[in-house]
Amino acid sequence: ATSGTAAPTTADSAAAPHYLSQPLLRGIYTADPSAHVFEDKIYIYPSHDIEAGIPENDNGDHFAMRDYHVLSLDSVGGKVTDHGVALDLKDIPWAGRQLWAPDAAFKNGTYYLYFPVKDKQDVFRLGVATSKSPSGPFKAAPQPIKGSYSIDPAVFTDTDGQAYLYFGGLWGGQLQRWKTGTYDPKAPDKEPAGHEPAVGARVARLTPGMTEFAGPAKEVVILDSLGKPLKASDNKHRFFEGGWLHKYQGKYYFSYSTGDTHLLVYATGTSPLGPFTYQGVVMKPVQGWTTHHSIVEFKGKWYIFYHDTQLSGKTWLRNVKVTELKRRPDGSIIPIDPAG
Ligand code: FUB
């Protein structure tokens, strides 16, 4: 089902010969999978890709998604359940167009869905919606989160209970237009000149109520091995979009897409607010322009959820996948070759 409130459907992915490299779902196109363990299952919060008939461009206008479906897995390798429409564009009072990559969190009996969508002035903002169930349906707050902008929200809740919202994406994600802290519609569509500092993702602490920023968002700084902030020209290492934070053995791992160089990479630090020092590649290029990922621990193993375009061959009709994430004894991530 692609619209309306679909009844849950299941696909027996266990039947696929190479589960860990096959699309998790075939009935609809899904991308940008944010995975979390809730109620002893893996819940995936993906984008729901559709053929909108809009010509392809670098601003991503053809990614004109209109709703979200939540997926769940009892086990990695088991059945994938599509819980149907969890939130529809028409039910978000302030939204204009383009429901892009969401994420979710849980606190005190409530599930929170964070999502980017362009407002009626065509500026990306982040919204929040709530539900008593991890699969929704979610009810959107009447206004975007104050102080939020750009795309790709990702929530990390630290062991002390403090939640952080990471966000931002270049080019069509509009992050380069927020250099001064206010939206500059005349700023370039792409990036600053190469000698200028790279544009960083943003991070904000969430209030205990989870629906607001506790203070202004700050830039996530990525340093090179000499301790210098990355430059905009360093497009094999600099942040582009799709940030994700996980903690492993007390260290904070900030991973992200490099966009036009098609990599997933990571940097580590001692605080969730950064700075982070660049470490290496998480995943080599997939089929498609780029991928978007999440990293989650489930029953003693670590997994990376990501997408490619295996089912359609079109960059805007993607399918989510999962594979195991392996590390060396020092905690460093062993790069994954999705073709290998
Ligand atoms: O799905 C739309 C956009 O494509 C996401 O927000 C980006 O991360 C990229 O995957």
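By the naming in an unreviewed UniProt entry, the chain is Family 43 glycosylhydrolase, taken from Hymenobacter polaris. Under the Sequence similarities (unreviewed entry) heading, UniProt states for the chain: "Belongs to the glycosyl hydrolase 43 family."

## Things to note about the site of the ligand
Close to the ligand lie Asp32, Ser47, Met65, Trp100, Ala101, Ile151, Asp152, Glu241, His292, His307 and Arg318. Here an oxygen atom of the ligand sits 2.5 Å away from a polar atom, N or O, in the side chain of Asp152. Arg318 is positioned such that a nitrogen or oxygen atom in its side chain is 2.7 Å from an oxygen atom of the ligand. For the ligand, whose free accessible area comes to 280 Å², the fraction covered by protein is 96%. In the shell around the ligand, the residues fall into four nonpolar, three polar and four charged.

## Observations concerning the environment of Asp260
Along the chain, Asp260 falls in the loop between strand 17 (251-257) and strand 18 (264-269). On a C-alpha basis, the gap between Asp260 and Asp224 in space is 19 Å, while along the polypeptide they are 36 residues apart. If we skip the residues at most four places from it in the chain, Asp260 touches Trp171, Glu191, Asn235, Arg238, Phe240 and Trp289.

## Digging into the sheet that holds strand 13 (residues 202-205)
Taken in spatial order, the four strands of this open sheet run 11-12-13-14, and their pairing is antiparallel. Only two strands of the sheet have a single neighbouring strand rather than two, namely strand 11 (154-157) and strand 14 (218-219). One ladder, built from four bridges, connects strand 11 with strand 12 (residues 163-167); its direction is antiparallel. Within strand 12, the residue paired with Val155 across the bridge is Leu165.

## Observations concerning the packing of aromatic side chains
With the rule as written, the count across this model stands at 26 aromatic pairs. Between Phe38 and Tyr43, the ring centres sit 6.4 Å apart and the planes meet at 35 degrees, which makes this aromatic pair tilted. This pair shows no difference in class: Phe38 is buried, exactly as Tyr43 is. Within the aromatic cluster, the residues linked to one another by ring pairs are Phe38, Tyr43, Tyr45, Phe106 and Tyr111. The lysine or arginine in question, Arg327, covers the ring of Tyr248, its NZ or CZ lying 3.7 Å from the ring centre.

So, how was this worked out
Throughout, a residue's number is its position along its own chain's written sequence, starting from 1. Where local features are concerned, this predicted model is filtered to residues with pLDDT of at least 70; where side-chain atom pairs are given and counted, the filter is 80 or more; whole-chain, interface and lining totals use all residues. Side-chain calculation: all heavy atoms of the structure are included, whereas hydrogens and water are not. UniProt positions are given in the numbering used here, feature names are shortened, and annotations may be inferred rather than shown by experiment. Near, as used in this document, describes a residue that has one of its heavy atoms within 4 Å of the molecule or strand being considered. In the analysis that follows, any N or O atom pair within 3.5 Å is treated as a polar contact, provided that within protein one partner can donate a hydrogen and the other can accept it, and provided that, for residues neighboring in sequence, both atoms belong to side chains. Values of accessible area rely on a 1.4 Å probe in the Shrake-Rupley scheme; residue burial ignores everything except the protein chains shown. All amino acids are sorted into three groups, where Ala, Val, Leu, Ile, Met, Phe, Trp, Tyr, Cys and Pro are nonpolar, Asp, Glu, Lys and Arg are charged, and the leftover types, Gly among them, are polar. Counting from the N terminus, the helices are DSSP H or I runs at least four residues long and the strands are E runs at least two residues long. Residue contacts follow a heavy-atom distance rule, with two residues in contact if any of their heavy atoms lie within 4.5 Å. A pair of strands is labelled paired if DSSP reports no fewer than 2 bridges between them. Note on aromatic contacts: the rings of Phe and Tyr and the six-membered ring of Trp form a pair at centre separations within 6.5 Å, being stacked when their planes are under 30 degrees apart, edge-to-face when over 60 apart, and tilted otherwise. The buried label applies to any residue whose accessible area, calculated with a 1.4 Å probe on protein chains only, is under 20% of its type's maximum; exposed applies above 50%, and partly exposed to all values in between. In our convention, an over-ring charge means Lys NZ or Arg CZ found within 6 Å of a ring centre and within 35 degrees of that ring's normal.

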